Amino acid sequence: MWIDTHCHLDAAEFAADRDGVVARARAAGVDRLVLPAVDPGNFDTVRRLAHAHGGAYALGIHPLATPASAAAVDADLERLVVALEAQRDDPRLVAVGEIGLDHFVASCDPALQARCCEAQLRLARDAGLPVILHSRRAVDPLLKLLRRAGVTGGIAHAFNGSRQQADVFLDLGFRLGFGGTLTFDRALRIRALARELPLEALVVETDAPDIPPHWLYRTAAERAAGASMRNEPAELPRIAGALAALRAIEPATLAAATNASAHAVLPRLAALGTPA
Ligand code: ZN
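Residues numbered from 1 in each chain as written. Predicted model: local features only at pLDDT ≥ 70, side-chain atom pairs only at ≥ 80, totals over all residues. Heavy atoms only, no water.

### So, the sheet that holds strand β2 (residues 30-36)
In step 1: Spatially, the eight strands line up as an open sheet ordered β1-β2-β3-β4-β5-β6-β7-β8, and their pairing is parallel. Both outer strands of the open sheet, β1 (2-4) and β8 (202-204), are each paired with one neighbouring strand and no more. On average, each strand axis in the sheet is inclined to that of its neighbour by 30°, with strand direction left out of account.
In step 2: In this structure, strand β6 (residues 154-156) lies alongside strand β7 (residues 174-178), joined through three bridges in parallel fashion. From the neighbouring strand, Ile 155 faces β7, where its bridge partner is Arg 175. (Pairing = 2+ DSSP bridges. Helix = DSSP H or I, 4+ residues; strand = E, 2+ residues; numbered from the N terminus. Axes fitted to C-alpha atoms, helices over the stretch in contact; angles between N-to-C directions.)

Here it is, written out as structure tokens:
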């Protein structure tokens, strides 16, 4: 059994064949999907999908969904407060996420992102929930917010930092999410981390429909001609197989370790037990 700890099953890319996507994942041995929200507009959808498919979900505001004014940020945060309160006892609500900082996309104001992220870290702490983090070009500022907020840990999804930054996340009670990027030969730093970090540090994810592995990669010309690079959770075992090969361990060993890690940082996921 595999757990896809980060999958946007609600994405428009899956609108035409969502049930098929879930069925293919199951057939491939991916029995549990964790569905992070990205903004208040999809809170109900991720909850509904998690219940429909025996999965789990998180509620939060993605840094790239940060509204463009402080007042609008606060209004979205209020919607998150209401949703977290309403779903407080839902066993499938396993984290606050996807939240974080993204300094790669210049159009998204860093100060507003920080306001939104810090408030959500506090909400997670107060709710006793772990967090699912997104970070691009912003690991150090995010670590600073994490230390200040005192959250209980969670997952740094699509981790792409240094070994030193990885160690700080681990010290703060986090695990690091690895996915399709590690299947590219040129992803030297991520492949080195995937090989060298302690096995207990890792969880696996697809981030589907994003972050396709190399075998789904299409050139710009192919995409212009209509080719799709859509990733899906059924790809997880093959991605994890590449990770297992990097570490020279059996896939089953990796599955057991990464499932245990996912359960350690997402206790409510563990409490769901093994899917029927
Ligand atoms: Zn995501």
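### What about the coordination of the zinc ion?
In step 1: Around the zinc ion, the donor atoms from the protein are His 6 (NE2), His 8 (NE2), Glu 98 (OE) and Asp 207 (OD), and they sit 2.0 to 2.8 Å away.
In step 2: If you look at the zinc ion, its four donor atoms make angles of 85 to 174° with each other, and the shape they trace is irregular. (Donors = N, O, S within 2.8 Å, 3.2 Å for Na, K, Ca; no water. Tetrahedral: all angles 85-135°; square planar, octahedral: opposite > 155°, others 65-115°.)

### Some words on the environment of Glu 85
In step 1: Take Glu 85: it is sitting in helix α3 (residues 70-86).
In step 2: A C-alpha to C-alpha distance of 8.7 Å links Glu 85 and Ala 127, two positions 42 residues apart in sequence.

### Section: the nonpolar core
In step 1: Judged by nonpolar contacts, the single largest core of 66 residues is most densely connected at Leu 35, Leu 59, Leu 121, Val 131, Leu 133, Phe 169 and Phe 178.
In step 2: It is helix α5 (residues 139-149) that provides the largest number of residues to this core, a total of six residues.
In step 3: Leave out the neighbours within four places in its chain, and Leu 133 touches Ile 99, Leu 121, Leu 142, Leu 146, Ile 155, Ala 156, His 157, Phe 169 and Phe 174.
In step 4: Core analysis: the next-biggest nonpolar cluster, separate from the first, contains 13 residues, Val 34, Ala 56, Ala 262 and Leu 269 among them. (Core = buried A, V, L, I, M, F, W, Y, C linked by side-chain atoms within 4.5 Å. Buried < 20%, exposed > 50% of the residue type's maximum accessible area, 1.4 Å probe, protein only. Contact = heavy atoms within 4.5 Å.)

### Focus: the side chain of Thr 183
In step 1: Take Thr 183: it is sitting in the loop between β7 and α7 (188-196).
In step 2: Assessed through its relative accessible area of 6%, Thr 183 is described here as buried.
In step 3: At a separation of 2.6 Å, a polar atom in the side chain of Thr 183 contacts the main-chain carbonyl oxygen of Gly 180.
In step 4: In terms of polar contacts, Thr 183 uses its side chain to reach the backbone amide nitrogen of His 214, at 2.9 Å.
In step 5: Excluding anything up to four places from it in sequence, Thr 183 contacts Arg 191, Pro 213, His 214, Trp 215, Ile 239 and Ala 242. (Polar contact = N/O pair within 3.5 Å; in protein donor to acceptor, adjacent residues only side chain to side chain.)

Don't take any of this as a statement about function, it's just geometry.
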